[in-house]
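Structural overview for review
One letter stands for each residue in the lines below.
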Amino acid sequence: MRALICLALASALGAQETRTPRVEHLVAAVDPARMEATVAKLVSFGTRHTLSDQTSPTRGIGAAQRWLTGQFQGMVQLRGSRLRYFEDRFTQPIAPRIPAPVVITNVGAVLPGTDPARAKEAIVLTGHYDSRATDVMDAVSDAPGADDDGSGTAMMLELARVMAAEKPAVTVYFVSVSGEEQGLYGSTHLAKRLKAEGVEVLAMMSVDIAGNTEGSNGVKDNVTARIWSEGVPAVETPAERRLRLALGTENDGRSREWARYLKRLGERYVENLDLLVMLRRDRIARGSDHMSFTAEGYPAACLREAQENYDRQHQNVRTVAGRAYGDDLAHFDAPYAAKLARALCAAVATLAAAPAPVRDLTLGGAVSPDTKLRWTLPADPRVKGLLLFRRRADGVAWQRIERLPVTDHLVIPDVVPDSNVYALATVDAEGNESLPVGPTHLE
Ligand SMILES: [Zn+2]
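Here is what the cut-offs are and how they apply
Residues numbered from 1 in each chain as written. Predicted model: local features only at pLDDT ≥ 70, side-chain atom pairs only at ≥ 80, totals over all residues. Heavy atoms only, no water. Donors = N, O, S within 2.8 Å, 3.2 Å for Na, K, Ca; no water. Tetrahedral: all angles 85-135°; square planar, octahedral: opposite > 155°, others 65-115°. Helix = DSSP H or I, 4+ residues; strand = E, 2+ residues; numbered from the N terminus. Buried < 20%, exposed > 50% of the residue type's maximum accessible area, 1.4 Å probe, protein only. Core = buried A, V, L, I, M, F, W, Y, C linked by side-chain atoms within 4.5 Å. Contact = heavy atoms within 4.5 Å. Salt bridge = Lys/Arg side-chain N within 4 Å of Asp/Glu carboxyl O. Domains from an automatic or database assignment. Buried area = accessible area lost by both parts, 1.4 Å probe. Nonpolar A, V, L, I, M, F, W, Y, C, P; charged D, E, K, R; others polar.

Turning our attention to the coordination of the zinc ion. Around the zinc ion, the protein contributes the donor atoms H128 (NE2), D148 (OD), D208 (OD) and D208 (OD), at 2.0 to 2.6 Å from the metal centre. Given four donor atoms and angles of 53 to 148 degrees at the metal, the environment of the zinc ion is assigned as irregular. Motif for the zinc ion, donor spacing along one chain: H-x19-D-x59-D. Taken together, the positions of D148 in helix 5 (residues 146–162) and D208 in the loop between strand 5 (200–207) and strand 6 (224–229) put the pair 60 residues apart, joining distant regions of the chain. Pair check on accessibility: D148 and D208 agree, each one buried.

Shown next as structure tokens:
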């Protein structure tokens, strides 16, 4: 009987790769021209340094913030829009790279979830709208920040617009944060605020440096992007640490699973795109706003272009010996940034609509030739099936995804648990998948 179940599962392989018309429609609506116009407008403020002018109507971070507020508020007014304007404003006291108290304002839109049982669950997306020049304390020089992070800011506006009328199960935040270049101040405040409000962030993505396709070494690449995620969680309880060491899940934390989810869904809906799940929290000794969320114990990752150009990041706009420096609009590749926006849109539109995940996945079968799994199904009537993810323990990415009927246990005969890794997701009638959940108990 067990063997028969397994055969039936194998035959269903591939069924979960079906695109849903709803998500296809959303993905198709992402408009590179709008993203380009957003980045052009952001560049027009001259500098968006966190410590720059907050009163000028045309230059500095204040003008940029008020323009973004107007854009997000405009989306609230769109026909059929369910969005609400969101603002997180605070005074950052003196701190490293903050010589005097400064008002920092995160602005965005919130798409409320519709499942009352999951009212506190959310997906959070950010791009940072502050920028910098060569000297991180230089609040006066031009700092166009087209790629860093006009690209991520444009993506927030575009995804909020595209998803405005959606009715997801859980809430989605689209936020343009500030203070990133000075030390992740805006996102730190946002993450702590959500924590204090009891929001359970299922997945957070910082989109930061996601629109350049010509590397410093001249390599041109508009078909690849990188997703950075921690392996070992920044925050874990002693019990979680013991479980991680027993299972060897350094490559299977919740942030990494979210990164894999973005790869799987993004590549399903976007042609000619290769999303790399990097086995690193971020680029070496660099960071972004996802780290503010992992510091609060939330699963979070960062989406970035594949080829960075260091002449265009954190550089005063200038030409030296014929070599041009600066993060200018001319090198913002809108079709590429739109491709990444589509991938993120596919992942978020699917995850936000997915049923609740299984709980208490228990792995049994120690010193046995058979793997034994059991779990608790969520009290979510939309669960119409399960997806079992597996790979051999010498692999880094899932090797098999098998569809299961709605059940609460499984025995996989002749598969030794020691040599394999597992996770389980729920799926609804439309094909929306929850994030895969790994074992939380051993027996
Ligand atoms: Zn950045």
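By size, the foremost hydrophobic cluster in this structure holds 72 residues, and its most contacted members are M155, M205 and W258. Apart from the residues lying within four places of it in its own chain, the contact partners of W258 are A203, M204, M205, P299, A300, A301, A347, V348, L351 and L435. Judged by nonpolar contacts, the second largest core, of 16 residues, contains F86, V110, Y173 and M204.

The next point concerns the pattern of salt bridges. With the rule as written, the count across this model stands at 35 salt bridges. We note a salt bridge from E443 to R374, for which the minimum N-O separation is 2.5 Å. Placement of E443 in the segment after strand 17 (441–442) and of R374 in strand 12 (residues 371–376) is noted, with a sequence separation of 69 residues between them. Accessibility expressed as a relative area gives 51% for E443, which makes it exposed. With its nearest N and O atoms 3.3 Å apart, the salt bridge here joins R400 to E402. Exposure remark for R400: the relative accessible area of 35% places this residue in the partly exposed category. When its relative accessible area of 2% is taken as the criterion, E402 is described as buried.

This next bit is on the domain arrangement of the protein chain. Split into domains, the protein chain comes out as domain 1 (2–16 + 356–442) and domain 2 (31–353). Computed over C-alpha atoms, the centres of domain 1 and domain 2 are 32 Å apart. Listed by partner, the interface residues are 23 residues for domain 1 and 22 residues for domain 2. Carbon and sulfur atoms make up 55% of the area that domain 1 and domain 2 hide from each other, which totals about 1,600 Å². Linking domain 1 with domain 2 are three salt bridges, by the criterion used here. Here E433 ties to R268 by a salt bridge, and the two come within 2.8 Å at their closest N and O atoms. Grouping the amino acids of the side of domain 1 that touches domain 2 by side-chain chemistry returns 13 nonpolar, five polar and five charged.

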